[in-house]
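One-letter residues, chain by chain:
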Amino acid sequence: MMEDTKKPRRSLRVSTPFSFSSSSYSPSLTPSSLPTVVQGPCAACKVLRRRCTDTCFLAPYFPPSEQLKFVIAHKVFGASNIVKALQELPESKRADAVSSMVYEANVRIHDPVYGCAGAISKLQKQLNDLQAELAVTQAELLIMQCQQQQQNEELILGSDWQPHCA
Ligand SMILES: [Zn+2]
């Protein structure tokens, strides 16, 4: 009776104390997974060594599988600043804000002096170089078009001239 309702949930590894007889099937859970732990703490709680609850504010943005993301963001911004920044935003924009913070933190670690500004100025320089190259290429194209037009005109004039010469 109890087993029927609990069986589909067991596949999701939702905690169920083994109070009932488990003679019909052996527990497939690993010995380390305690009944109170469902999925393990989110990356933030794991790093900060605090208890992760169902209502954990950071859990949706830092799943257990992406611990490095939180480590990097925490190192640069600090967990409390991350939480503060996210609280000021509507929920729909928080995921984007998190990926932005993780990106910024990552760049800051690689370039402690300029951070994202360094990356932006590098890209800006690349853009300027490419625009200059494009301008040169467009000028060359224009010259070639003019030359071709001249050649065509000469050909037309030449074909006009041939009957007169013959
Ligand atoms: Zn958590």
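Since we're looking at a predicted model, the values are computed, not measured.

Observations concerning the UniProt feature "coiled-coil region" (unreviewed entry) in the protein chain
Phase 1: According to UniProt, the "coiled-coil region" (unreviewed entry) feature falls on residues 120-147.
Phase 2: Within the segment residues 120-147, helix and strand shares are 100% and 0% respectively, and the terminal C-alpha atoms sit 40 Å apart.

Observations regarding the coordination of the zinc ion
Phase 1: Donor atoms from the polypeptide that coordinate the zinc ion comprise C42 (SG), C45 (SG), C52 (SG) and C56 (SG), at 2.2 to 2.3 Å from the metal.
Phase 2: Note that the zinc ion binds 4 donor atoms; their angles at the metal cover 106 to 112°, and the shape is tetrahedral.
Phase 3: Donor residues binding the zinc ion come from one chain and are separated in sequence as C-x2-C-x6-C-x3-C.

Concerning the environment of C45
Phase 1: Structurally, C45 is set in helix α2 (residues 43-48).
Phase 2: Among the residues examined, C45 registers a relative accessible area of 2% and is labelled buried.
Phase 3: Along the primary structure C45 and A59 are separated by 14 residues, whereas in three dimensions their C-alpha atoms are 8.0 Å apart.
Phase 4: Filtering out sequence-adjacent residues up to four positions away, C45 remains in contact with R50, R51, C52 and C56.

Definitions and limits used
Residues numbered from 1 in each chain as written. Predicted model: local features only at pLDDT ≥ 70, side-chain atom pairs only at ≥ 80, totals over all residues. Heavy atoms only, no water. UniProt positions renumbered as here; feature names shortened; annotations may be inferred. Helix = DSSP H or I, 4+ residues; strand = E, 2+ residues; numbered from the N terminus. Donors = N, O, S within 2.8 Å, 3.2 Å for Na, K, Ca; no water. Tetrahedral: all angles 85-135°; square planar, octahedral: opposite > 155°, others 65-115°. Buried < 20%, exposed > 50% of the residue type's maximum accessible area, 1.4 Å probe, protein only. Contact = heavy atoms within 4.5 Å.

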